[in-house]
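Here's the letter readout for the chains.
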Amino acid sequence: NEGKKVLIAAGDTFRAAAEEQLDIWSKRAGADIVRRDKADPASVVYEAIQKAKNEHYDVILVDTAGRLQNKYNLMEELKKIKSVIDKNASENLRECMLVLDANTGQNGLQQAKVFADAVNLTSVALTKLDGSAKGAIVLAVAKEMKLPVKLVGIGEKMEDLKDFNSDEFIQALFE
């Protein structure tokens, strides 16, 4: 919406159909995509960084596989992706956002701690607020980890991803 040239790196090569789903969303958003089905996610991110540099993109969005913090191999994969970014785009402003499902309970705080150690989180997004879940764990994560909550997802459409508004969020907790 800001007229920026956006490239999406399909780094979720783990989940079946993740790349196809992201491809559909990139077309809807008018963004380009780098995807290599079943490839090493870090290599997809490397390719996206090179493409972004060569073709003068303003923004790269890197999608990674959802993972539990107790899955060692997946956390190591995430560290490898971060290493590729650090080595190839260290001069660029970066946001490393933990996306929490509103249905996540107290485990969300432990999850945030492990992810922060792995990839230096800079913010949090909360999704699936369109259901019955209230997502209150995001308050504990924000306070304990000193991370801003940037976005909330309240549906399945692009316009359903909104900037976080603390007043509206607190009001909704009590409804």
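Let me begin by describing the structure that accompanies this report. (Residues numbered from 1 in each chain as written. Predicted model: local features only at pLDDT ≥ 70, side-chain atom pairs only at ≥ 80, totals over all residues. Heavy atoms only, no water.)

With respect to the environment of V149
- Among the secondary structure elements, V149 is positioned in strand β6 (residues 149-153).
- Its relative accessible area of 14% is what places V149 among the buried residues.
- For the pair V149 and A125, spaced 24 residues apart in sequence, the C-alpha separation works out to 5.8 Å.
- Excluding its chain neighbours within four sequence positions, the residues that come into contact with V149 are V124, V138, A142 and F164. (Helix = DSSP H or I, 4+ residues; strand = E, 2+ residues; numbered from the N terminus. Buried < 20%, exposed > 50% of the residue type's maximum accessible area, 1.4 Å probe, protein only. Contact = heavy atoms within 4.5 Å.)

Description of the pairing of strand β5 (residues 123-127)
- With four of its five residues buried, β5 lies for the most part within the structure.
- Where strand β4 (residues 97-101) meets β5, five bridges bridge the pair, whose relative direction is parallel. Pairing of D101 across the sheet is with T127, part of β5.
- Taken together, β4, helix α4 (residues 107-119) and β5 constitute a β-α-β crossover, and its handedness is right-handed.
- With three bridges joining them, β5 and β6 adopt parallel strand pairing. By the bridge assignment for β6, V124 is matched with V149.
- With helix α5 (residues 137-145) bridging β5 and the parallel β6, this β-α-β connection has right-handed handedness. (Pairing = 2+ DSSP bridges. Right-handed = clockwise from strand over helix to strand, strands pointing away.)

Describing the layout of surface pockets
- What the second largest pocket holds in volume is close to 270 Å³.
- Lining the second largest pocket are 16 residues, and of these L129, I154, E168, F169 and A172 sit closest to its centre.
- Within the residue set of the lining of the second largest pocket, elements represented by two or more residues are β7 (161-163) and α6 (166-173).
- Per element, the largest residue contribution to the lining of the second largest pocket is four residues, and it comes from α6.
- Residues that form the lining of the second largest pocket fall into these classes: eight nonpolar, three polar and five charged. (1 Å grid on protein atoms, 1.4 Å probe; cavity = no way out; pocket = protein on both sides within 12 Å on 5 of 7 lines; lining within 4 Å. Points joined across faces, edges and corners; volume = space filled by probe spheres on them. Nonpolar A, V, L, I, M, F, W, Y, C, P; charged D, E, K, R; others polar.)

Side note on the pairing of strand β1 (residues 6-11)
- Burial runs high along β1: five of the six residues are buried.
- With six bridges connecting them, β1 and strand β3 (residues 59-64) associate as parallel partners. Each residue of the ladder has a partner; that of V6, found in β3, is V59.
- Inspection of the sheet shows β1 paired to strand β2 (residues 32-34) by three bridges, in the parallel sense. Opposite A9, over in β2, you have V34 as the bridge partner.
- Running through helix α1 (residues 18-29), the crossover from β1 to the neighbouring parallel element β2 is right-handed.

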